[in-house]
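The primary structure of each chain is shown beneath.
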Amino acid sequence: MCGIVGMISKSTSGLFSTDMDFFQNMLVCDSLRGEDSTGVFGIYQNRQAATLKVAAEPHMLFRCEEWQDFRTKAAQSMQIVVGHNRYATRGAVC
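Structure report, in brief.

Calculation notes
- Residues numbered from 1 in each chain as written.
- Predicted model: local features only at pLDDT ≥ 70, side-chain atom pairs only at ≥ 80, totals over all residues.
- Heavy atoms only, no water.
- Pairing = 2+ DSSP bridges.
- Helix = DSSP H or I, 4+ residues; strand = E, 2+ residues; numbered from the N terminus.
- Axes fitted to C-alpha atoms, helices over the stretch in contact; angles between N-to-C directions.
- Contact = heavy atoms within 4.5 Å.
- Expected span 1.5 Å × (residues − 1).
- Buried < 20%, exposed > 50% of the residue type's maximum accessible area, 1.4 Å probe, protein only.
- Arc of directions from axis to C-beta.
- Phe/Tyr/Trp six-rings, centres within 6.5 Å; stacked < 30°, edge-to-face > 60°.

Thoughts on the sheet that holds strand 2 (residues 37-44)
Link 1 in the chain: Spatial strand order, 1-4-2-3: 4 strands in an open sheet with antiparallel pairing. In this open sheet, the two edge strands, each paired with only one partner strand, are strand 1 (2-8) and strand 3 (49-54). Strand-to-strand twist of the sheet, defined as the mean angle between neighbouring strand axes without regard to direction, takes the value 10°.
Link 2 in the chain: Contacts from helix 1 (residues 17-30) reach strand 1, strand 2 and strand 4 (78-86), with the element oriented near 170° to strand 1.
Link 3 in the chain: Running at roughly 145° to strand 4, helix 3 (residues 65-77) makes contact with strand 2, strand 3 and strand 4 of the sheet.

Some remarks on helix 3
Link 1 in the chain: Spanning 13 residues, helix 3 covers 19 Å between terminal C-alpha atoms, matching the ideal 18 Å at 1.5 Å per step.
Link 2 in the chain: Of the positions making up helix 3, those classed as buried are W67, F70, R71 and A74. The buried side chains of helix 3 occupy one side of the element, clustering within an arc of 100° when seen end-on. Along helix 3, exposed side chains directed more than 90 degrees from the buried face belong to E65 and Q76.

Regarding the packing of aromatic side chains
Link 1 in the chain: In the structure shown here, the tally under the stated rule is 2 aromatic pairs.
Link 2 in the chain: Ring centres of W67 and F70 lie 5.6 Å apart, and the angle between their planes is 25°; on these two criteria the pair is classed as stacked. Highlighted residues: W67 and F70, both in helix 3, separated by 3 residues, approximately one helical turn. F70 matches W67 in its accessibility class, with the two residues each being buried.
Link 3 in the chain: Taken together, the aromatic side chains of F62, W67 and F70 make up a single cluster linked through ring pairs.

If you want it as structure tokens, here you go:
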């Protein structure tokens, strides 16, 4: 079992801080689908991408410094954010 969540901004200015709060809550709720790995990616307005992942549940992702940087950039200039939770049925947890 695995799960995917995402948000797309209708605004040309990108996502807001409250959108990122909601995204975090969605990622935590989705962790019921898999708690072995969590990852996120975001698409900037210029169509460049940023990624971040940890081999743990979402709460561990939210504690790392890279998440705070990702969250700030997402709230300032990203149009799309997508997150996933993985349950390792095959292969290593990574």
